[in-house]
Structures are given as C-alpha cells and as structure tokens.
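Listed below, chain by chain, are the residues.
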Amino acid sequence: MMYQFTKKNKLIAVVMMVIGLAAIAYGFSQDVTRTWANILMSNFYFMAIALAGTFFIAVNYVSQAGWAVVVKRVPEAMGQFLPFAAVVMLIIFFFGGHDLYHWTHHYLYDKTDIRYDAIMDGKSAYLNTPFFVIRMVAYFVIWIGFTYLFRRESLQEDLNGGMSHYNKSVRYGAAFLILFAITSSTSAWDFIMSIDGHWFSTMFGWYTFAGLFVSGIVMMIMWVLYLKGQGHLENVNENHLHDLAKFMFAFSVFWTYLWFCQYMLIWYANIPEEVTYFAIRIDHYGSLFAFNIFVNFMFPILVLMTRNAKRKRQILMLTCAVLFIGHWTDLFVMIMPGTVGEHWHIGFIEIGTLIGFLGAFLYSTHTALTKASTSVKNHPLLPESVHHHI
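A.B. asks: What exactly am I supposed to notice about helix α4 (residues 82-100) here?
C.D. replies: Residues that lie three or four places apart on an α-helix share one face, since the helix turns once every 3.6 residues. The terminal C-alpha atoms of α4 lie 22 Å apart, and with 19 residues this falls more than 12% below the ideal 27 Å at 1.5 Å per residue. When we look at burial in α4, the residues that qualify are Leu-82, Ala-85, Ala-86, Val-88, Met-89, Ile-92, Phe-93, Gly-96, Gly-97 and Leu-100. On its buried face, α4 sits against α2 (32-62), α6 (129-160), α7 (164-191), α12 (313-339) and α13 (348-369).

A.B. asks: Would you take a moment to explain the packing of aromatic side chains for this structure?
C.D. replies: What characterises a pair of aromatic rings is the spacing of the ring centres plus the angle enclosed by the ring planes. Under the defined criterion, the tally for this structure stands at 60 aromatic pairs. Residues Tyr-45 and Phe-324 carry aromatic rings whose centres are separated by 5.4 Å and whose planes lie at 50° to one another, so their mutual orientation is tilted. You can see Tyr-45 sitting in helix α2 and its partner Phe-324 sitting in helix α12, a full 279 residues away along the chain. In terms of burial, Tyr-45 and Phe-324 fall into one category: buried. Just above the ring of Phe-131 sits the side chain of Arg-135; from NZ or CZ to the centre is 4.4 Å.

A.B. asks: Looking at this structure, how should I read a nonpolar patch on the surface?
C.D. replies: Together, Val-87, Leu-90, Ile-91, Phe-94, Phe-95, Val-137 and Val-141 give the surface a local cluster of nonpolar side chains, amounting to about 660 Å² of exposed area. Sorting the residues of the nonpolar patch by element identifies α4 and α6 as the ones contributing at least two each. When residues in the nonpolar patch are grouped by element, the largest group, five residues, is from α4. Assignment of secondary structure puts Val-137 in helix α6. Among the residues examined, Val-137 registers a relative accessible area of 40% and is labelled partly exposed.

A.B. asks: In this structure, what is going on with the nonpolar core? I would like to understand it.
C.D. replies: Formed by 126 residues in total, the largest nonpolar core has its most connected members in Phe-46, Trp-143, Phe-191 and Met-219. Residue contributions to this core peak at 19 residues, all from α2.

A.B. asks: What am I meant to see in the pattern of salt bridges here?
C.D. replies: Note that side chains of opposite charge can pair when their charged atoms are close. Scanning the entire structure with this criterion turns up eleven salt bridges. Close ionic contact of Arg-73 with Asp-158 constitutes a salt bridge, the shortest N to O distance being 2.1 Å. Here the residue Arg-73 occupies a position in helix α3 (residues 73-78), and Asp-158 occupies one in helix α6, the gap between them amounting to 85 residues. One connected set of salt bridges, linked through shared partners, spans Lys-72, Arg-73, Glu-76, Arg-151 and Asp-158.

A.B. asks: Hey, could you run me through helix α9 (residues 238-269) in this one?
C.D. replies: With 32 residues, α9 should cover 46 Å at 1.5 Å per step; its first-to-last C-alpha distance of 46 Å lies within 8% of that length. Capping the start of α9, Asn-237 holds a side-chain oxygen 2.8 Å from the backbone nitrogen of Asn-239, two or three residues further along. At the exit of α9 stands Asn-270, carrying a positive phi of roughly 55°.

A.B. asks: What exactly am I supposed to notice about the environment of Leu-227 here?
C.D. replies: You can see Leu-227 is positioned in helix α8 (residues 204-229). Contact partners of Leu-227, with chain neighbours within four places excluded, come to Tyr-3, Val-74, His-232, Leu-233 and Leu-369.

A.B. asks: Just checking my understanding: could you explain the packing of α7 against α8 for this structure?
C.D. replies: When two helices pack together, their arrangement is given by the angle between the helix axes and the distance between those axes. For the pair α7 and α8, interaxial distance at closest approach is 8 Å and the crossing angle is 100°. Judged by the inter-axis angle, α7 sits roughly perpendicular to α8. Contacts between α7 and α8 pair Phe-180, Ser-185, Ala-188 and Trp-189 from the former with Phe-204, Gly-205, Trp-206, Thr-208, Phe-209 and Leu-212 from the latter.

A.B. asks: I would appreciate a short explanation of the environment of Gly-216 in the present structure.
C.D. replies: In this structure, Gly-216 sits in helix α8. Given the relative accessible area of 0%, Gly-216 is considered buried. It is 8.7 Å that separates the C-alpha atoms of Gly-216 and Phe-46, two residues lying 170 residues apart in sequence. With residues near it in sequence (within four places) discarded, Gly-216 still touches Ile-49, Ala-52 and Met-78.

A.B. asks: How do you make sense of the packing of α6 against α7 when you look at a structure like this?
C.D. replies: Remark: α6 packs on α7, axes separated minimally by 10 Å, with the N-to-C direction vectors making an angle of 155°. For the element pair α6 / α7, the angle class is roughly antiparallel. Here the hand of the crossing between α6 and α7 comes out left-handed. In terms of residue class, the contact of α6 with α7 is made up of 16 nonpolar, eight polar and six charged.

A.B. asks: Sorry if this is basic, but what is going on with the side chain of Thr-147 here?
C.D. replies: With respect to the helices and strands, the residue Thr-147 is situated in helix α6. With a relative accessible area of 7%, Thr-147 lands in the buried category. A polar atom in the side chain of Thr-147 sits 2.7 Å from the backbone oxygen of Trp-143. Ignoring sequence-local partners within four residues, the contact set of Thr-147 consists of Thr-54, Gly-79, Gln-80 and Leu-82.

Basis of the calculations
Residue numbering note: each chain is counted from 1, following its sequence as written. Selection of residues for local features in this predicted model requires a pLDDT of at least 70, selection of side-chain atom pairs for listing and counting requires 80 or more, and totals for whole chains, interfaces and linings are taken over all residues. Side-chain measures here rest on the full set of heavy atoms in the structure, leaving out hydrogens and waters. Labels follow the DSSP assignment, with helices taken as runs of H or I lasting at least four residues and strands as runs of E lasting at least two, numbered in each case from the N terminus. Between the first and last residue of a helix there are one fewer steps than residues, each counted as 1.5 Å, and that sum is the expected span. Buried residues are those whose accessible area, probed at 1.4 Å on protein chains only, stays under 20% of the maximum for their type, while exposed residues exceed 50% and partly exposed ones sit between those limits. Any pair of residues with heavy atoms lying within 4.5 Å of one another is described as a contacting pair. Note on aromatic pairs: the rings of Phe, Tyr and Trp (six-membered ring only in Trp) are paired at centre separations within 6.5 Å, and the planes decide the class, stacked below 30 degrees, edge-to-face beyond 60, tilted for the rest. For a Lys NZ or an Arg CZ to count as sitting over a ring, it must be within 6 Å of the ring centre and within 35 degrees of the ring normal. Each patch is assembled from residues with relative accessible area greater than 30% and no salt bridge, linking like charges that lie within 9 Å and nonpolar side chains (Val, Leu, Ile, Met, Phe, Trp, Tyr) that lie within 5 Å. Reported accessibility uses the Shrake-Rupley method at a 1.4 Å probe radius. Residues are deemed covered only where the shown protein chains occlude them. For this document, the term salt bridge refers to a Lys or Arg side-chain nitrogen within 4 Å of an Asp or Glu carboxyl oxygen. What we call a nonpolar core is a set of buried Ala, Val, Leu, Ile, Met, Phe, Trp, Tyr and Cys residues that are connected through their side-chain atoms within 4.5 Å. Polar contact is the term for a pair of N or O atoms within 3.5 Å; when the atoms are in protein, one must be able to donate a hydrogen and the other to accept it, and sequence-neighboring residues count only if both atoms are side-chain atoms. Helix axes are fitted to C-alpha atoms over the stretch in contact, other axes to C-alpha atoms as well, and angles between N-to-C directions run from 0 to 180 degrees. Orientation labels follow simple angle bins: below 35 degrees gives roughly parallel, above 145 gives roughly antiparallel, 65 to 115 gives roughly perpendicular, and whatever is left gives oblique. By definition, turning the near helix anticlockwise from the far helix through less than a right angle yields a left-handed crossing, and turning it clockwise yields a right-handed one. Here the term charged refers only to Asp, Glu, Lys and Arg, the term nonpolar to Ala, Val, Leu, Ile, Met, Phe, Trp, Tyr, Cys and Pro, and the term polar to all other amino acids, Gly among them.

And the structure:
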C-alpha cells in the first residue's frame, strides 16, 4: 500500500519550517551565539534520530532478527533526513563555528599572545579546522552512503526477491556497525564535547549514543503508531509495539547508567579541570539538570514497567512525547553551558527552532514514505515478522 503525503500534512510541515526560519531570523537580531547554538542543537537532535534509524536497520540485519521486518520502512524513511543535516552542519561550522567552538580562535595557539591556552594547544593536532572538516565530511559520507545502500537493496528486494539483496544488506550492516562504533563517538566529541574545549570524558561517546538511540526509537514508535492509524503497516501488531517499547525502556535505563557513571566518577575524583563541566550545569542549570534525570529515567521506568503498558497506544504516545522533550532537554544541557554560559533561556528562539527542524524532518520522512510501499515484500524473514508473537 502506497503512502500519500496529503496537502494537509505538507502544509503543516511547511508552516513549521516557516516558524523555524522566523525564530532563527529573530534570534540573529537578538543574540547570534544563542541562535547558532540552537541551530546546532536542533540539527544534531534530528540528525541523531535519523542516524538511529540506519543503526536500527543495520543491527537487525546483522543479528538476523526477523520481528522488525514489517516496520523497517519507517527507519529507512527516517534516515533520508541525513543529507539535509549534513548541509546544515557544514553551514553551522563555517558561519557559526567561531561563536560556538572556542578552539577555532587562532590566538589560543600563539605563545606570544596573552590569551595563549596551553591545554587547547595540546589538543591542536586533533582540534584544528582542516582535520575537523575532513572528519565531518567523512561522517556524512559514511552515514548517508550506507543509508542509501540499505534503502536500495530493500527496494530491489521488493521487486526481485531472492536472497542476494538480503545477504548484501547483512554485509553492509556488519561494515556499518564497525564504522558507526567509531564515528558515533568521534562525532559526539567533535560536534558537542569540543564546545567545552578543556573538558573531556571517555564515556561521552557512549552517553551520546544512548540518548541518540532512545530518541530514534521514540520517533520510530510515533511513526509506526501514526501509520498504523492511517491504515498502513497492516501486519504490525501489539507484539511489534511491545518489542519497540522494550528497546525504549532498556536504553532509557542504559542512558541513565551512563549519565550516573559519568557524573559519579567526576564528582568522586573532584579534579578541578573535570568538575567545572558539572559545576556550571548544577549552579546555573539546576532545574533542567534535575528535570533531565526525572523525565528520561524515572518517567519511562514507572510508566513502562508492566507488559501491558508496552502494548497500549495511548501510553506509548504519551511516553514518546515526554521522552522526545526529555532528550531535547538533555541536549540543551550538553550544549548551552559551553556556548551561552549562565545566560540561558527557553523562549521563542529555542522552541521555534525546534519546531522548524521538526517540520523539516517530517517533510523529509513523509516524502520518503511516498516512494515505496509501506508493506515490505519478498524479505526472507517476512513470514517470521508477520507471525511474530511474544
């Protein structure tokens, strides 16, 4: 069954993007650094959600899991946002990087300048503009390339059947997971951790990945529920929803484990150059810092604990909405202290920019869904997925 991107949905997405552009234009007239920080935050958030879709596909191919076959059109469509995210990320760095990334200031490396920074100079072999741009281009070439390959083999499989397309996807999945293990961490260091140039954490890549995957599963569940309500994904049943919800539940716990470990180890060691990262977040972002752990851990734990809760549409939609806001807040606390310091706000610039990027993501995903049937055909594990029961 082919999905239709209705005029109403298209209008909603376009209006959301216009709101985002208005928020950005207003922001540049008020506070340039704050505006660039919000563009980075929203772009990274939806880039991570799109990337989680590709990661989900790769994991299921490599593990030869059959249950998720009937929903795989959704993560395939989510991944189509990555080219847009790549363009925006390049714009952010070349036009706003000087405001966001302190390490781009040349005086930090000039020993004759009173502003010389020995710590940043020691990191200059990694944190320098040419190498940063090379890494950024490499990330998106890898991510977009594998997203394209998975999509191509999936559509060819619908037409031709057989095992060749499936076997290719398994090999692509294995290669992608190896590269993703590296690039997911290094991109988190580059795009976010390098904002706080003096600080580093060996757990930061894993922590960012956990939030990335939860956000991706959240968006996937909302799309599956929406499409199911529109008469698509006819083979999806409550057992598939249960498994997706288990991913959301489990990785919320995993995210919390990493959040606590990163915080606890730094707090316990009490090394000045490390605790400054959490000092500003507790002193000036205390309400969001506490809200973060409540929304992203306690809420899903309490709501999704039971088996039945993972199968109820209303409960899943509520949980997804809360976690969507929660992990945006997590990203806010990661980015804003190193860019605007204690002078933070959540106003039209923040909310409008988020709405604008959400509109762009919805437009991209809607469009991708129209280009193939929402029902997968000829996949060798399709019967297992159709008759999935737990």
